[in-house]
Amino acid sequence: MDFRFTEEQEMMANVLRELLGDLCQSSDLRRLMESGQARDERRWSGIVDMGLAGALVPESYGGLGLKPVDFVRIAEAAGHACLPEPLVENAGVALPLLAEAAPGNELLAAALEGAATIAVSHPSNAFIADADSAGALLLEREGELHLVNPAQARLERQESVDPFRRLFTVAFEPGSSTRIASAADAAPMLRAAFDRGALFAAAQLIGIAQRSVDLAVAYAGERRQFGKPIGSYQAVKHRLASAQVKIEFAKPVVHAAAASLPQSDLYSAARVSHAKLAAGQAADDAVRAAIQVHGAMGYSWEVDVHFYLKRAIALDSWWGTKAFHRARVGQRVFTGRLGPEHTFAKESQNA
Amino acid sequence: MDFRFTEEQEMMANVLRELLGDLCQSSDLRRLMESGQARDERRWSGIVDMGLAGALVPESYGGLGLKPVDFVRIAEAAGHACLPEPLVENAGVALPLLAEAAPGNELLAAALEGAATIAVSHPSNAFIADADSAGALLLEREGELHLVNPAQARLERQESVDPFRRLFTVAFEPGSSTRIASAADAAPMLRAAFDRGALFAAAQLIGIAQRSVDLAVAYAGERRQFGKPIGSYQAVKHRLASAQVKIEFAKPVVHAAAASLPQSDLYSAARVSHAKLAAGQAADDAVRAAIQVHGAMGYSWEVDVHFYLKRAIALDSWWGTKAFHRARVGQRVFTGRLGPEHTFAKESQNA
Amino acid sequence: MDLHYTDEQEAFRQEVRTWMEANVPSAPLPSFDLSREGFEAHRAWERTLSEGQWGMVTWPKRYGGRGLDLIQWLIFEEEYYRAQAPLRVNQNGIFLLGPTLMEYGTDEQKARFLTAMACGDEIWAQAWSEPQAGSDLAAVSSSATRDGDDYLLKGHKIWSSRAVYADWAFGLFRTDPQSERHKGLSLIFFPLDAPGVRVQPIPQIDGETGFAEIFLEDVRVPAFNRLGGEGEGWSICMATAGFERGLMLRSPARFQVAARKLVDLYKAHENEVEPCVQAAVLQSWMDAEAYALSVYATASRLEAGERIGAEASTNKIFWSEMDIAMHRSALSILGARAELLHSAPAAGDVGRWLDGYFFSLAGPIYAGSNEIQRNIIAERMLSLPRA
Amino acid sequence: MDLHYTDEQEAFRQEVRTWMEANVPSAPLPSFDLSREGFEAHRAWERTLSEGQWGMVTWPKRYGGRGLDLIQWLIFEEEYYRAQAPLRVNQNGIFLLGPTLMEYGTDEQKARFLTAMACGDEIWAQAWSEPQAGSDLAAVSSSATRDGDDYLLKGHKIWSSRAVYADWAFGLFRTDPQSERHKGLSLIFFPLDAPGVRVQPIPQIDGETGFAEIFLEDVRVPAFNRLGGEGEGWSICMATAGFERGLMLRSPARFQVAARKLVDLYKAHENEVEPCVQAAVLQSWMDAEAYALSVYATASRLEAGERIGAEASTNKIFWSEMDIAMHRSALSILGARAELLHSAPAAGDVGRWLDGYFFSLAGPIYAGSNEIQRNIIAERMLSLPRA
């Protein structure tokens, strides 16, 4: 029992944070948004050069062979920077799914090199993200898994409030040439993909929450009203402290969910759901606190807070609505065993 | 359209407030509690001398013939003083019910003189209050209404956390000698009695809420920490301000519910339910704020706040649980007509 | 207490309803904050209102009103929102400045400004805040220097609603350069097309531009444009803020209509959402009703000669927090579609809930932040000691 | 990150479980705050624990402990609460004073006090607050005047938990009469039966008397009873407060067991309650789990040599607010029976939820009010400017 990240895990997240600190500043985000392009190539190749595209792909297939717990802080960093590129969806969900379903597919190699990204649809999501810039689409249809060339699919853009999210609905002709896994084979893969999706969405929400508090703290230390920095008023202090408390008690849930994900039973699935709910709540509190602390500035386009507000809204129902996740926690609570001795238990231990 | 109380209405409530200001102080409450007695005879006769026992009984039967809107501020004053005596239940619910069901009964005359109180049971309440000190019990059984001599009923005391609430379960033998209204006759009377009960409970909760804020404000102005009165800190100010806002927006609902009660349709019933919910929420916020502002003192027996905390808990499910009242609001919202032009509407106008 | 409308009030309601049904544009007008075209369409609507004598029913007839009381105003507002009539582009004028002018203006000022305001010929922006004076309004530093019969205005205003396209603005200026805080301020009007005025739109969170910065460089206005005495700006401004937060800024009908729409949205998706959402929807309806009842109570007291007090602050807190809660409930019903712009093909009935949510988040900030309102309630209503 | 117990840890859990099953009294003990009898029954339980070497498993063996790490302590606590073993009457000693003594005491002091503390021979009360020094602890005015090898203690302490029946108390005293605020304070122990000590129980909201006032009139204690140097009381006390709020005051198992009971209560009444209650029950379970996970993370860091920081304050806020929410959910399930005392004939399964609710309301007040904790988080963790 050791509830700490390893030095390697911390280091990899730090390297990414530093990279994004350089290449994903407010001005970078705004430039990308104005260009209308899907990604910043310099930033994206920096991420690919770290080997992160294949982070969760087994080493035998050319990836880094990392585990969810190794990737969770990376997803946090992506949230913290409001990263526009599909690092989390591509590396955290799609590539490991492709590697599992079709390890020999040549697209996997291309994706590991960063030459292409894979976009993934899932029954739990109403839309598919970043499909227009993807090299291939991983699509579920009647339980089967298909790998589809975007040119052979009809994509319809569904504009999200998040200026960096490129959502689409997709129509395509499923056939034996596109099918890469039968419904029976695909089911466990899709389940695992869903839990990775929800977990890393939760991790991004932690990053969003912390960045929102960070922005508010910085502003509250500078902005003066009635002769004092507004951060010296209890109303501001207490609201930000409360937001930070929410973050502090969402983080260990997200981290525990990452560590127990490979367990893939009801207990670990419920932990993922708990993580998504707790991180979503933390992000919601934090972005609203940040807007209030910024006053009218928080309602302006000029300040970055609204990027985080919008991303938090978008991720709130992405990879499972609150209703879905609360129901899954309910299933665990009402059918599983409760009490302090079961905090880290597996479902099978209690069967 | 004039949403104000008349001078007479304000005056009667003021007279009661002054009486209770004299005779229902903290020391009076504590003395009564230690004595174990049901009521303070001096205080009770002061109330009876105001004619309040018969406030809602028609003048033709010897009462004051007042309407609910005339009594609502009196019930607020009873809550504000944490009055132990059954003014609200006796005068607000039981006597008008008895007058309606059995206007010629000799007990009514005795009750109007204050020689006896009437305790009332209702299917919505699990218990009957003040039955041991009552001259008669008004009891519902299979829809019928019975008037029972307490000596012929078996009362079992059910101790409430509120030291001034005397709750009982009651068993008795219903018969033609006790029956005063058939089920068909009793139904509308019991419905009206319930709405009066819920309305005046709401009014008491307003009084409880306001008194809690008053106590907290007084303490916060005196108690000093870190060289300043604690009431000068924003954390204290804002919590009490929030509690006061809740009160300010519960009051007009309670008052409107009182004014529209005689309408006795779904719209007026839903307004009563709204009043109960809003006043309960205001009281809950206010008593908890008062405890927090008092610090450790708020947790002590010495300070009066706990009397209000307990009364608020007791009234929370008295004359209908939150679930019941929310369901009734739901019925009005999902079957009635909505929008600003229906604020003061009757159900029949919209049929 | 009499909670029934008189026959006269019922007749008045019918009159408003009939007129609205005949005159409210069938299609929503384009936003008045996004284009000159949208702004002018709203100005045209103000003129239509004014022609029907509906510009501001509480104003005296000589200024284009009908001399009606506040209960009638509430009835008018109810029918206005029921008819889903356009937002009032001249809100700053008719609801904020107008009542203040009525109280503090000279007869000449009233004649000059009120009629043009009521008929939509002159649309007003407010110019309260400055970069260093937001919640702390007494920190304004823009100056008005007397020069003969004129003032020369200099400074930098921000968060001025409607200023991009409006004709006139009113704001606080320091007429005594030696003064500090709330002393030495005057309330002065200036035309937004005067030489030396530069207006810079501020893109807001949803990309719209309802606010602007105003840069003033030796803008010459006659002293006639000063409302009240020199140095009396603060107390007049506080009266205006009372109106703004108090009764007229957010009429209850707005929220009652929103609550009705929320109930409709809930009914359409009842089977998809968590059971808890129902309680939230009912709470929104109850809150909107409570707000309406409270405003009727206040209006009754004002009609009886009382003055508005701390209700101004309690109202501001209540409606702004209710507005957020209402929109959050709507978004939770919309689920995965909540993030879609209403222009997205799959948006379905997402409507304007997301835009409304963003706007609601500004509610606890503008017109005096809710932190300031809570201070006011604590200190003035509860008499808690000042910090 | 490894979230599996080692075989050794699993074996340890089994060992605790076996011992608890054999030794925990089958009937609950009478309250230690209501009678001498209840107090002594709890002292007897402390002795039983101590005989099993379970008094304080993290303490060194020479003081009656087992020298185990914090993860093992958490496992011990989990089994302790799972077994519904009695509350620890000596909590002030073993969880607050003990660790501080271990860090700041001389060998002689440790030998004198720790063993007697661990075995239940000496039960401790705390004596922090004074009438004018609650949240503002630096305002203490009780004095300790040096007189040869002794101190003479004088003053008035309040809200001293356990002081009615305990043997010893520790508190802050002003050893430098010229000093102000947090300077010149020393942490001193005194026997509660010493001449000049008068203890006055304080009836609390539920009629129990867990707190007391202590009046000290020239109470003579040897200078040996001072922990740390003269004038170092404040910094030592802050370390103690860190422990109190941080890790040991409220072990997660307590809330996880409460959450389990809440789930059971909900299941028993599922068909009677509003659907929203389910979400609240699930939230309580999630919060209790989150608190447990967080404490495991903190314990892991502490075992790796880090020191406890602002977690102390975030923990305090989180568990105290969770505790209130949990009890409110229970009361809402109980509905009309929520107001009944558990002695009422119709009480049914109301259990101790109402008592627990009252106690939970004190959570945001004691051990440093939550207002103070939020200040600490804002200033020390977020580096916001001081007022």
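Residues numbered from 1 in each chain as written. Chains lettered and ligands numbered in written order. Predicted model: local features only at pLDDT ≥ 70, side-chain atom pairs only at ≥ 80, totals over all residues. Heavy atoms only, no water.

### As for the domain arrangement of chain C
By a widespread convention, an interface's size corresponds to the accessible area lost as its parts come together. Residues and elements named next belong to chain C. Segmentation of chain C into domains returns domain 1 (7-89), domain 2 (125-233) and domain 3 (250-381). Distance between the C-alpha centres of domain 1 and domain 2: 29 Å. Contact between domain 1 and domain 2 buries roughly 810 Å² in total, counting both sides, with carbon and sulfur atoms accounting for 48%. In terms of surface lost to domain 2, no three residues of domain 1 exceed Asp-33, Leu-34 and Phe-39, which account for 58% of the buried area on that side. In this structure, the connection of domain 1 to domain 2 is made through two salt bridges. (Domains from an automatic or database assignment. Buried area = accessible area lost by both parts, 1.4 Å probe. Salt bridge = Lys/Arg side-chain N within 4 Å of Asp/Glu carboxyl O.)

### A look at the pattern of salt bridges
Scanning the entire structure with this criterion turns up 89 salt bridges over all chains. Notably, a salt bridge pairs A:Arg326 with C:Glu274, separated by 2.6 Å at the nearest N-O pair. With A:Arg326 in helix H11 (residues 322-335) and C:Glu274 in the loop between helix H7 (252-269) and helix H8 (276-303), this residue pair bridges two chains. Taking the relative accessible area as the measure of exposure, A:Arg326 reaches 19% and is therefore buried. Exposure remark for C:Glu274: the relative accessible area of 18% places this residue in the buried category. Where C:Glu21 meets C:Arg82, a salt bridge forms, and the shortest distance between an N and an O atom there is 3.9 Å. A residue pair is termed long-range when its members are at least 10 positions apart, and C:Glu21 in helix H1 (residues 7-23) and C:Arg82 in helix H3 (residues 70-82) qualify at 61 residues. (Helix = DSSP H or I, 4+ residues; strand = E, 2+ residues; numbered from the N terminus. Buried < 20%, exposed > 50% of the residue type's maximum accessible area, 1.4 Å probe, protein only.)

### Considering the sheet that holds strand E2 (residues 128-129) of chain A
Residues and elements named next belong to chain A. Pairing is antiparallel in the open sheet, where three strands are placed in the order E2-E6-E5. Of all the strands in the sheet, just E2 and strand E5 (154-159) have a single pairing partner and so form its edges. Where E5 meets strand E6 (residues 166-171), six bridges bridge the pair, whose relative direction is antiparallel. What sits directly across from Glu-159, in E6, is Arg-166. (Pairing = 2+ DSSP bridges.)

### Concerning the interface of chain D and chain A
On the side of chain A, 46 residues touch chain D, which itself brings 52 residues to the contact. Of the roughly 4600 Å² buried between chain D and chain A, counting both surfaces, carbon and sulfur atoms make up 72%. At the junction of chain D and chain A, the tally comes to three salt bridges. A salt bridge links A:Lys237 to D:Glu379; its shortest N-O distance comes to 2.6 Å. At the boundary of chain D with chain A, the tally comes to 15 residue pairs in polar contact (both at pLDDT 80 or more). Only helix H1 (7-23), helix H3 (70-82), helix H7 (252-269), helix H8 (276-303), helix H9 (311-334) and helix H11 (370-381) of chain D provide two or more residues apiece to the side of chain D that touches chain A. When residues in the side of chain D that touches chain A are grouped by element, the largest group, 15 residues, is from H8(D). Of the residues in the side of chain D that touches chain A, the class split is 28 nonpolar, ten polar and 14 charged. (Contact = heavy atoms within 4.5 Å. Polar contact = N/O pair within 3.5 Å; in protein donor to acceptor, adjacent residues only side chain to side chain. Nonpolar A, V, L, I, M, F, W, Y, C, P; charged D, E, K, R; others polar.)

### Observations regarding the pairing of strand E2 (residues 143-147) of chain D
Put simply, side chains in a regular strand alternate between the two faces of the sheet. Pairing analysis gives five bridges linking E2(D) to strand E3 (residues 150-161) of chain D, with the strands arranged antiparallel. Of the residues in E3(D), the one forming a bridge with D:Arg146 is D:Tyr151.

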